[in-house]
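# Residue-level structure breakdown
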Amino acid sequence: MRLVGRLLEFTWFCALGAALVISALTTDRRAREVEENPSFCDPFGYLQMAQNISQAAAAGKAPRFTLESPHTRLLIDLMKKQEVPLPVWDEMVAPLAYHYFPAADHVGVQYLPGAGLLLALFPEGRALHGLNRLVIAIFLVAGLIMLVAAAVKRLPVSAGFFSLALILGLEILARIDNASFSINALLAPLLLSALCLSGAWAVQSKNPSDLRWPWLLTFLAGLLFGFAMLARLPVILLLPGVLLLLWPANLRSVLKSAWLPFALGVILTGLIPMMVHQSRVAGAWYLPTYGHENTEAHSLARVGPNLSYYLTGKASTEHWVLPVIFLGCLGLFFWSSRPPSTEWPATFLRRLSWSRLVAAALLMLGSSTAFFLTHFATASYYLVPATFGTVLMLALGSFALERHDLASIRGRGWFRTALPLTAIALSLAPGLIVMGRVWSNYVPASVEFQPKQFSLPAELADESAWVWACSLSGTLWYYARKPAHKLSSTNADTRELVYRFVRQRGEPQYIVTDDEGMQAVAKEIVELGATLERRGEVDGYPYFLIHWPAYGSR
């Protein structure tokens, strides 16, 4: 009977390992089909930052995440002279992901530099693929190592939980496409940070009196968590849950607890670089770099629409994992025997308990959910860090809490036997679901997307030509350093002011109808009396030369 049990355990671990390998392969095949295209908002913003970092490193200088051009400065000066309110034009003068910062008097990027730093590790044109493969490799290696450790310790349920967390991260990476490269960049630091904390608990459990390795691992976890914040600022919303997990035995022992090294790491790689970046870009460390829709005041009136969006829209694709992991934890709780109630002699890391683990996970998930449910802007990936972080915390916490004995089930009545068997089924469900999802999401071999080829028509590249565009405003700057201005982000009066200003300079104006907003602007131009002469295409979008009537813009 014991041999049969060992064989079943071995089969279970092998199946989880195979599922992880297949999921990693599928994720790589899906990710390689994504084109590295510096168009739209996030792709351009992060790729432009990576380009700035690479060029600055080659020149031996600190990178600057600002841009300047004669046309940009002329528009800024015009808006100031005409006393146009800043919110009307600060985004119009810049490409997507950039806007004007009055305190610094320049146009700068709205993102933190963490994702750009990781993208800059790889050659331009293949940076996104390089980053994705690095993340996949880290997930795969970490998963296989932890599965071996779980097999040695005979922790099959925890292995299933951890596989679920890794498969979730890989599915997120496979589906994120070009939405936001910051999600790609934060997955590996969050995973490694959690593994370091898990390692600190494991080391201290073996030798509670020696705190050197636990202190170092917790400090490293803080460094990685801080870098994840530098890749995507909302990761800071996960911090309350982590601090609750690391809660000291009493507040008088804070300086001797895990709070100190973890906070020190977060400050060094997260808060300090973030404050320096905001000072250089926005003009002061306390000024935000994000645009208006991300700095709007939170409102309870947004809860209803946002709840509907996150429960039924694209953002709902990862939420299935939360009830699965919580039900699995419930099953493991009832199946596992209770650990001794004695506390470890050291005050650095307290013995983990189900109550503190679940409370920390709920706080991590709740803090982020409450923030984004009242937030003005919505995006399908806003809740991804909280979802992944919550599942990862519960999965790794289960390694310290899984204690079970199948032999104790025998010899009971049918009712007392049914309860633990139900608990076993619930606790094994995450691992079984992992195996099923791997095959349902399997993707056959595919051809890798080649680096984008871009050419700018000579008439648009002319220094005297003014270009009105939106989705391609970043693309033109990234490849050709050609400024393009998002007239769709301002009002009709300001647009007419700009048209007249450029006409008075006697310089040509071109419009690229690269989205619905710019199509509306083109229609408005025609209504003002101008005609549009189609001149060709740029990156697949038509562009037109604007001919204004001799008597003016009306």
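Cut-off values and rules
Residues numbered from 1 in each chain as written. Predicted model: local features only at pLDDT ≥ 70, side-chain atom pairs only at ≥ 80, totals over all residues. Heavy atoms only, no water. Helix = DSSP H or I, 4+ residues; strand = E, 2+ residues; numbered from the N terminus. Rg over C-alpha atoms; globule rule 2.2 N^0.38 Å. Buried < 20%, exposed > 50% of the residue type's maximum accessible area, 1.4 Å probe, protein only. Lys, Arg positive; Asp, Glu negative; His and termini not counted. Charge placed at Lys NZ, Arg CZ, Asp CG, Glu CD. Contact = heavy atoms within 4.5 Å. Patch = residues over 30% accessible without salt bridge, like charges linked within 9 Å, V, L, I, M, F, W, Y side chains within 5 Å. Areas by Shrake-Rupley, 256 points an atom, 1.4 Å probe, with all protein chains shown as cover. Salt bridge = Lys/Arg side-chain N within 4 Å of Asp/Glu carboxyl O. Axes fitted to C-alpha atoms, helices over the stretch in contact; angles between N-to-C directions. Parallel < 35°, antiparallel > 145°, perpendicular 65-115°, else oblique. Left-handed = near helix turned anticlockwise from the far one by under 90°. Nonpolar A, V, L, I, M, F, W, Y, C, P; charged D, E, K, R; others polar. 1 Å grid on protein atoms, 1.4 Å probe; cavity = no way out; pocket = protein on both sides within 12 Å on 5 of 7 lines; lining within 4 Å. Points joined across faces, edges and corners; volume = space filled by probe spheres on them. Pairing = 2+ DSSP bridges.

### Brief notes about the overall build of the protein
Within the protein, the secondary structure is distributed over 20 helices and seven strands. At 27 Å, the protein has a C-alpha radius of gyration in line with the 24 Å of a compact globule built from 554 residues. By principal-axis analysis of the C-alpha atoms, the protein measures approximately 100 × 55 × 50 Å. Residues classed as buried in the protein amount to 54% of the 554 residues present. Each charge class in the protein was averaged separately, 44 positive and 37 negative side chains, and the resulting centres sit 14 Å apart.

### Let's talk about the side chain of threonine 513
For threonine 513, the position within the fold is in the loop between strand E5 (509-512) and helix H20 (516-527). Threonine 513 has contacts with Met518, Gln519, Ala522, Tyr541, Pro542 and Phe544, leaving out every residue within four places of it along the chain.

### Focus: a nonpolar patch on the surface
Nonpolar side chains collect at one region of the surface, where Trp215, Leu255, Leu260, Leu264, Ile267, Leu268, Ile272 and Val276 lie side by side and expose about 690 Å² of accessible area between them. It is helix H11 (residues 259-282) that provides the largest number of residues to the nonpolar patch, a total of six residues. Tracing the backbone through its elements, the reader meets tryptophan 215 in helix H9 (residues 212-231).

### Quick word on the packing of helix H7 (residues 156-175) against helix H8 (residues 181-206)
Relative orientation of the contacting elements H7 and H8 amounts to 165 degrees, with a least axis distance of 10 Å. In terms of their interaxial angle, H7 and H8 are classed as roughly antiparallel. By crossing handedness, the relation of H7 to H8 is classed as left-handed. Contact residues: Phe162, Leu166, Gly169, Ile172 and Leu173 in H7; Ile183, Asn184, Leu187, Leu191 and Leu195 in H8. Taken together, the residues that form the contact of H7 with H8 break down as eight nonpolar, two polar and no charged.

### Thoughts on the pattern of salt bridges
Enumeration over the complete set of coordinates arrives at 14 salt bridges. The salt bridge partner of glutamate 171 is arginine 175, with a shortest N-O separation of 3.7 Å. Remark: arginine 175 and glutamate 171 occur in helix H7; sequence separation between them is four residues, near one turn of the helix. We classify arginine 175 as partly exposed; its relative accessible area is 29%. With a shortest N-O distance of 2.9 Å, glutamate 171 and arginine 437 are connected by a salt bridge.

### Remarks on empty space enclosed by the protein
Per the counting criterion, the structure on display carries four cavities of 30 Å³ or more. A volume near 110 Å³ is recorded for the largest cavity. As for the largest cavity, its lining consists of 13 residues, of which Ser23, Thr26, Thr27, Glu171 and Asn441 are closest to the centre. Secondary-structure elements contributing two or more residues to the lining of the largest cavity are helix H1 (2-31), H7 and helix H16 (414-440).

### Some words on the sheet that holds E5
Strand order in this open sheet of four strands is E4-E5-E7-E6, and the pairing throughout is mixed. Bordering the open sheet on either side are strand E4 (466-468) and strand E6 (531-538), each of which pairs with just one other strand. The average angle at which neighbouring strand axes cross in this sheet is 30 degrees, direction not considered. In this structure, E5 lies alongside strand E7 (residues 541-547), joined through three bridges in antiparallel fashion. Pairing of valine 512 across the sheet is with tyrosine 543, part of E7.

### Considerations on helix H18 (residues 473-480)
Counting buried positions along H18 yields six of eight residues, so the element is predominantly enclosed. Of the residues one or two after H18, arginine 481 is the one with positive phi, at around 55 degrees.

### Brief notes about the packing of H1 against H7
Closest axis-to-axis distance for the H1/H7 pair is 9 Å, and the angle between their directions is 5 degrees. By the criterion of interaxial angle, the relationship of H1 to H7 is roughly parallel. Only Pro156, Ala159, Gly160, Ser163, Leu166, Ile167, Leu170, Leu173, Ala174 and Arg175 of H7 make contact with H1, whose side of the interface consists of Trp12, Phe13, Leu16, Ala19, Leu20, Ser23, Ala24, Thr27 and Arg30. Along the lines of polarity and charge, the residues of the contact of H1 with H7 split into 13 nonpolar, four polar and two charged.

### A few points about the environment of phenylalanine 371
Within the secondary structure, phenylalanine 371 is located in helix H14 (residues 354-373). A relative accessible area of 32% places phenylalanine 371 in the partly exposed class. Along the chain, phenylalanine 371 and proline 234 lie 137 residues apart, while their C-alpha atoms are 9.3 Å from each other. Those residues in contact with phenylalanine 371 that lie beyond four places of it in its chain are Leu237 and His298.

### Overview of the pairing of E5
Burial along E5 is two-sided: Gln509 and Ile511 facing one way and Tyr510 and Val512 facing the other are all buried. As defined by bridge partners, E4 adjoins E5 across three bridges and the pair is classed as parallel. Bridge pairing in E5 places tryptophan 468 opposite isoleucine 511.

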